[in-house]
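Descriptive analysis of the structure
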Amino acid sequence: MSYNLNQMATEATGLLAAGDHFDGASHDTSAWAYVRFRVLAASDQAGTVYIEQSADGTTWFRTSTEPVTAGFTQAAIVTESLITMRYVRAYYVNGATQQTEFMLATALLAFAETA
């Protein structure tokens, strides 16, 4: 099985204070046959990245949780989740130390049509 990368975005490069969080954009998956949501997170400080899904864009359920270790490019992580609800987003919680480097990018993947 193969996937097409249909939508990709850098969602955050702004820095988070100690204990602060970032709510990613809510992506409506109803227009395409999206099957997976992928998140890349990198920070110079420890934190946690989540993938959340919602049927109505208001009540969110966590479907993936990954720790992010300090070390920006050396410790960037990628996590993904099967899409089971209409809306998906990334959610990031910074650890106990102010960041000096941070990036969060997302991608929606759909089935590829093969001949």
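For the structure, see preceding data.
Just so it is clear, the structure is predicted and the values come from calculations on it, not from any experiment.

Turning to the overall build of the protein, a few remarks are in order. The secondary structure content of the protein amounts to zero helices and nine strands. The secondary structure elements of the protein, listed N-terminal to C-terminal, are β-β-β-β-β-β-β-β-β. Out of the 115 residues belonging to the protein, those deemed buried represent 41%. Long-range pairs, those at least 24 residues apart, make up 81% of the contacts in the protein between residues at least 6 apart in sequence.

Attention now goes to the pairing of strand β7 (residues 77-82). Consecutive side chains of a regular strand alternate in pointing toward one face of the sheet and then the other. Of the two faces of β7, only the one carrying I77, T79 and S81 is buried; V78, E80 and L82 on the other face are not. Across six bridges, the pairing between strand β4 (residues 34-43) and β7 is antiparallel. Looking at the pairing, F37 lines up with S81 of β7.

When its volume is computed, the largest pocket comes out at roughly 160 Å³. Along the walls of the largest pocket sit 12 residues, with M8, L40, A105, T106 and A107 positioned nearest its centre. Counting only elements with at least two residues in the lining of the largest pocket, the list comes to β1 (3-12), β4 and β9 (102-111). The class makeup of the residues in the lining of the largest pocket is nine nonpolar, two polar and one charged.

Secondary-structure assignment places A9 in strand β1. The spatial distance from the C-alpha of A9 to the C-alpha of A105 is 5.6 Å, given a sequence separation of 96 residues. Excluding residues within four positions of it along the chain, A9 makes contact with L104, A105 and T106.

Another point: the environment of V35. Within the element layout of this structure, V35 appears in strand β4. Taking the relative accessible area as the measure of exposure, V35 reaches 15% and is therefore buried. Placed 49 residues apart in sequence, V35 and T84 show a C-alpha to C-alpha distance of 7.9 Å.

Turning our attention to the nonpolar core. If you look at the biggest cluster of nonpolar residues, it comprises 19 residues, and the most contacted ones within it are F37, V39, A41, V49, Y92 and L104. Going through the elements one at a time, β4, β5 (47-54), β8 (87-94) and β9 are the ones with two or more residues in this core. Those residues in contact with L104, other than ones at most four positions away along the chain, are A9, T10, E11, A12, F22, V39, L40, A41, V49, A90 and Y92.

Calculation rules
- The residue count restarts for each chain, going from 1 along the sequence in the order it is written.
- Thresholds applied to this predicted model are a pLDDT of at least 70 for local features of residues and 80 or more for the giving and counting of side-chain atom pairs; totals over whole chains, interfaces and linings are not thresholded and use all residues.
- Just so you know, side-chain values use all the structure's heavy atoms and leave hydrogens and water out.
- In this description a helix means any DSSP run of H or I spanning at least four residues, a strand means any run of E spanning at least two, and both kinds are numbered starting from the N terminus.
- Relative accessibility decides the category of a residue: with a 1.4 Å probe and only protein chains considered, values under 20% of the type maximum give buried, values over 50% give exposed, and everything between is partly exposed.
- Contact between two residues is taken to exist if any of their heavy atoms lie within 4.5 Å; hydrogens are not considered.
- Should DSSP find at least two bridges between two strands, the strands are taken to pair.
- The rule is simple: put a 1 Å grid over the protein atoms alone, call a set of points where a 1.4 Å probe fits but cannot get out a cavity, call an open set with protein on both sides within 12 Å along at least five of seven lines a pocket, and count a residue as lining if it has an atom within 4 Å of a point.
- Grid points are joined across faces, edges and corners, and a volume is the space filled by probe spheres set on the points.
- Residues were grouped as follows: Ala, Val, Leu, Ile, Met, Phe, Trp, Tyr, Cys and Pro as nonpolar; Asp, Glu, Lys and Arg as charged; and all remaining residues, including Gly, as polar.
- Definition used in this section: a nonpolar core is a set of buried Ala, Val, Leu, Ile, Met, Phe, Trp, Tyr and Cys residues joined via side-chain atoms within 4.5 Å.

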